[in-house]
Amino acid sequence: MDQRLEQAWWGLRIGLGVGPFLAGLDKFFNVLVDWEKYLSPIFTRVVPLSPRVTMGAVGVIEMIVGILVLTGMTRIGGYVVAAWLTLIAINLVTTGQYFDVAVRDLEIALAAFTMARLSEVRARVGARDASLGSALRTRAA
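Residues numbered from 1 in each chain as written. Predicted model: local features only at pLDDT ≥ 70, side-chain atom pairs only at ≥ 80, totals over all residues. Heavy atoms only, no water.

Asker: Can you tell me about the packing of helix 3 (residues 51–70) against helix 4 (residues 74–94), naming the residues and giving the values?
Answerer: Where helix 3 contacts helix 4, the axes come no closer than 8 Å and their chain directions differ by 150°. Crossing of helix 3 against helix 4: the hand is left-handed. For the pair helix 3 and helix 4, the contacting residues are Val58, Ile61, Glu62, Val65, Leu68 and Val69 in the first and Thr74, Gly77, Gly78, Val80, Val81, Trp84 and Ile88 in the second. (Axes fitted to C-alpha atoms, helices over the stretch in contact; angles between N-to-C directions. Helix = DSSP H or I, 4+ residues; strand = E, 2+ residues; numbered from the N terminus. Left-handed = near helix turned anticlockwise from the far one by under 90°. Contact = heavy atoms within 4.5 Å.)

Okay, here's the thing in structure tokens:
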């Protein structure tokens, strides 16, 4: 793969792995923000969990997804991050506020989708290069 695309992929992988992991971890400490304020009243009426328990569950999921992205399941992790952030944006829109954060999350979801697609290309190129190298070694022997 072209070096520029490789650098772009690594930048997305690090950012989209570390970001969700840290946001998930912060769900337990609320250092960055009081996360519970972002829960939609619709969600809290439908889901029979307290906002605190909900945020704990969300935090665990985000940390797992961050680890997936960082430890080699980048394609799958990227699609999960994209879907997850889209759901978060929908939740935010239903609060009637935080539209700016919803737009930001949709933009990050697009970046996660792009990383997942780049991961597919990267895997294909790697497989093609490996089979080409194998064919060249066989011919040389």
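There is more to say after this.
Asker: Now, about a nonpolar patch on the surface: what can you tell me, with residues and values included?
Answerer: On the surface, Trp10, Ile14, Val18, Leu22, Leu25, Phe28, Phe29, Val31, Val60, Ile64 and Leu70 cluster together into a nonpolar patch covering about 980 Å² of accessible area. For the nonpolar patch, the elements supplying multiple residues, two or more each, are helix 1 (3–26) and helix 3. Tracing the sequence through the fold places Phe29 in the loop between helix 1 and helix 2 (41–46). (Patch = residues over 30% accessible without salt bridge, like charges linked within 9 Å, V, L, I, M, F, W, Y side chains within 5 Å. Areas by Shrake-Rupley, 256 points an atom, 1.4 Å probe, with all protein chains shown as cover. Salt bridge = Lys/Arg side-chain N within 4 Å of Asp/Glu carboxyl O.)

Asker: Let's hear about the side chain of Asp26: which residues, and what values?
Answerer: Residue position: Asp26 is located in helix 1. For the buried Asp26, no salt bridge exists, and the shortest N-O distance to an oppositely charged side chain is 6.7 Å, to Lys27. Separated by 2.7 Å, the side chains of Asp26 and Trp35 make a polar contact. (Buried < 20%, exposed > 50% of the residue type's maximum accessible area, 1.4 Å probe, protein only. Lys, Arg positive; Asp, Glu negative; His and termini not counted. Polar contact = N/O pair within 3.5 Å; in protein donor to acceptor, adjacent residues only side chain to side chain.)

Asker: So, the environment of Asp26: which residues are in play, and what are the values?
Answerer: Given the relative accessible area of 6%, Asp26 is considered buried. Sequence-wise, Asp26 and Phe43 are 17 residues apart; in three dimensions their C-alpha atoms are separated by 21 Å. At a separation of 2.9 Å, a polar atom in the side chain of Asp26 contacts the main-chain amide nitrogen of Leu32.

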